[in-house]
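Secondary and tertiary structure notes
The lines below spell out each chain.
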Amino acid sequence: MNKNIKILVYFFIALSVSAPFLSWLRYAPLPDWFSDASALALLGVAMCGLCLLSIDRVLVSWLELVLLALAFSVLHSSFYGYLALLFIGLALFSILLRSCLSISDADNLIFVLACVVTFFSLLQSLVGILQAVKLAYLFNGFVVYDPKSNAVIGNIAQRNQYANFLFWGVLSICYLYAINKLRVVFAVLCLLPVVLSMSWSGARLPLIYALLASVLVWYWFRKERAQKELGRLAMAVSIAVLLIAIFQIWSRDIVAFLNYMGLSVDVVSGAERISDGGFAAKRRIEWTKAWLMFSQHPWFGLGWGALPRKPQRWS
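Residues numbered from 1 in each chain as written. Predicted model: local features only at pLDDT ≥ 70, side-chain atom pairs only at ≥ 80, totals over all residues. Heavy atoms only, no water.

Quick word on empty space enclosed by the protein
The probe, sized like a water molecule, is rolled over the atoms to show the empty space still left. Summed over all chains, the structure comprises two cavities of 30 Å³ or more. When its volume is computed, the largest cavity comes out at roughly 70 Å³. What lines the largest cavity is simply Ile173, Cys174, Tyr177, Val184, Ala187, Val188, Leu191, Ala236 and Ile239. If you list the elements that add at least two residues to the lining of the largest cavity, you get α6 (159–178), α7 (184–200) and α9 (228–249). Ranked by the residues each element gives to the lining of the largest cavity, the list is headed by α7, at four residues. Its residues assigned to classes, the lining of the largest cavity comprises nine nonpolar, no polar and no charged. For the second largest cavity, the calculated volume is near 40 Å³. Along the walls of the second largest cavity sit Phe167, Val170, Leu171, Cys174, Ala210, Ala213, Val237, Ala240, Val241 and Ile244, which together make up its complete lining. Of all the secondary-structure elements, those providing two or more residues to the lining of the second largest cavity are α6, α8 (205–223) and α9. Per-class residue counts for the lining of the second largest cavity are 10 nonpolar, no polar and no charged. (1 Å grid on protein atoms, 1.4 Å probe; cavity = no way out; pocket = protein on both sides within 12 Å on 5 of 7 lines; lining within 4 Å. Points joined across faces, edges and corners; volume = space filled by probe spheres on them. Helix = DSSP H or I, 4+ residues; strand = E, 2+ residues; numbered from the N terminus. Nonpolar A, V, L, I, M, F, W, Y, C, P; charged D, E, K, R; others polar.)

Below you can see the structure in the form of structure tokens.
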């Protein structure tokens, strides 16, 4: 009985971080409300399942207690009250999860998470390809698209978050190959549409993620050469990084070939945006404002929400 409950808990946890991103219900003034609410609802179901398991003791670290106290202290804030409440809920969920599951359960949780994320990343990549070839309008609103642009944003509807989720899919595919759950040919076939959509999104952060992932995995492999799974993971990540580089660097040639074949595709990769000189120009302005505020009030600051309330003060 406990085993079946745990499997359901794993499944609902995995769904909570993947299925809501497919939501096409995005309306002003809170376009993310449905996806956020469904994610919290799925986590709530998982928490109910955890409550059915036996708990020998509750495991809470001092760091978690300090962070919870900090979150409770800002509940009154008009800017961060909602985020503090969300953080408290997620912190309590993580404490409950760690108290109910043993270390041996972690592998099963990661496996289910990788399978579900892989499935939904493939669906999101299909949505991105439909947006790129201008066929999204045929799905009567079930696929998010902007008729005034060629943005490849998936149903997440935001370029960077879309690329971030697709990179989760890349790592999940690599992990499934590492533990012998995917053959190499099928793993590559799964990587191709995910990496292509990631490139067409125009996001630049996946380039940094790919570099960090390759360095980290190969560092682990050098430390634990005896583990075959780490060797397979290092090889899979290397292939994924190579595909990311190919699709990023030769994106314009791929688009030209597709246009020659009669498909109307007009997208720009993250590498092309970097080569055009665009890299976090607007963000650097906000970072400068934040640094000026910190340098003038380094010890106690100015309170929650001070920067958005008076941005001209640091302009």
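Some points on the pattern of salt bridges
Taken as a whole and judged by the stated rule, the model has one salt bridge. Between aspartate 105 and lysine 6 there is a salt bridge, with its nearest N and O atoms 3.1 Å apart. Here lysine 6 lies in helix α1 (residues 2–16) and aspartate 105 lies in helix α5 (residues 105–132), a separation of 99 residues in the sequence. The exposure class of lysine 6 is buried, given its relative accessible area of 19%. (Salt bridge = Lys/Arg side-chain N within 4 Å of Asp/Glu carboxyl O. Buried < 20%, exposed > 50% of the residue type's maximum accessible area, 1.4 Å probe, protein only.)

So, the packing of α1 against α5
In helix packing, the relevant descriptors are the interaxial angle and the interaxial distance, both defined with respect to the helix axes. Remark: α1 packs on α5, axes separated minimally by 9 Å, with the N-to-C direction vectors making an angle of 40°. Taken together, the axes of α1 and α5 are oblique relative to one another. Here α1 and α5 pass one another in a crossing that is right-handed. Residues Lys6, Tyr10, Phe11, Ile13, Ala14 and Leu15 of α1 form the contact with α5, whose participating residues are Asp105, Asn108, Leu109, Val112, Leu113, Val116 and Phe120. Split into classes, the residues belonging to the contact of α1 with α5 amount to 10 nonpolar, one polar and two charged. (Axes fitted to C-alpha atoms, helices over the stretch in contact; angles between N-to-C directions. Parallel < 35°, antiparallel > 145°, perpendicular 65-115°, else oblique. Left-handed = near helix turned anticlockwise from the far one by under 90°. Contact = heavy atoms within 4.5 Å.)

A look at the state of the cysteines
The final tally for this structure, using the stated rule, is zero disulfides. Summary of cysteine pairing: cysteine 48 is not part of a disulfide, and the nearest cysteine sulfur, belonging to cysteine 51, is at 6.2 Å. Residue class for cysteine 48 comes out exposed when judged on its relative accessible area of 54%. The thiol sulfur of cysteine 174 is not disulfide-bonded, and the nearest other cysteine sulfur, from cysteine 190, lies at 11 Å. (Disulfide = S-S within 2.5 Å.)

Details of the packing of aromatic side chains
Applying the stated criterion across every chain yields a total of nine aromatic pairs. Geometrically, the ring pair formed by tryptophan 291 and phenylalanine 294 is tilted, given 5.5 Å between the ring centres and 40° between the ring planes. Remark: phenylalanine 294 and tryptophan 291 occur in helix α12 (residues 281–296); sequence separation between them is three residues, near one turn of the helix. Classification of phenylalanine 294 as partly exposed rests on a relative accessible area of 43%. In textbook terms, an aromatic cluster arises when at least three aromatic residues are bridged by ring pairs, as seen for Phe21, Phe165 and Trp168. The ring of phenylalanine 111 has lysine 181 lying over it, and the distance from NZ or CZ to the ring centre is 5.5 Å. One residue, arginine 232, lies across the ring of tyrosine 177, its end atom 4.1 Å from the ring centre. (Phe/Tyr/Trp six-rings, centres within 6.5 Å; stacked < 30°, edge-to-face > 60°. Lys NZ or Arg CZ within 6 Å of the ring centre and 35° of its normal.)

Notes on unusual backbone geometry
Keep in mind that most residues, glycine aside, have a negative phi and that most peptide bonds are trans. The backbone of lysine 134 sits at a positive phi, close to 60°, despite the residue not being glycine. Relative to the helices and strands, lysine 134 resides in the loop between α5 and α6. A positive phi angle, near 55°, is found at asparagine 140, a position not held by glycine. Within the secondary structure layout, asparagine 140 lies in the loop between α5 and α6. Judged by its relative accessible area of 69%, asparagine 140 falls in the exposed class.

On their own, these measurements won't tell you what the molecule is for.
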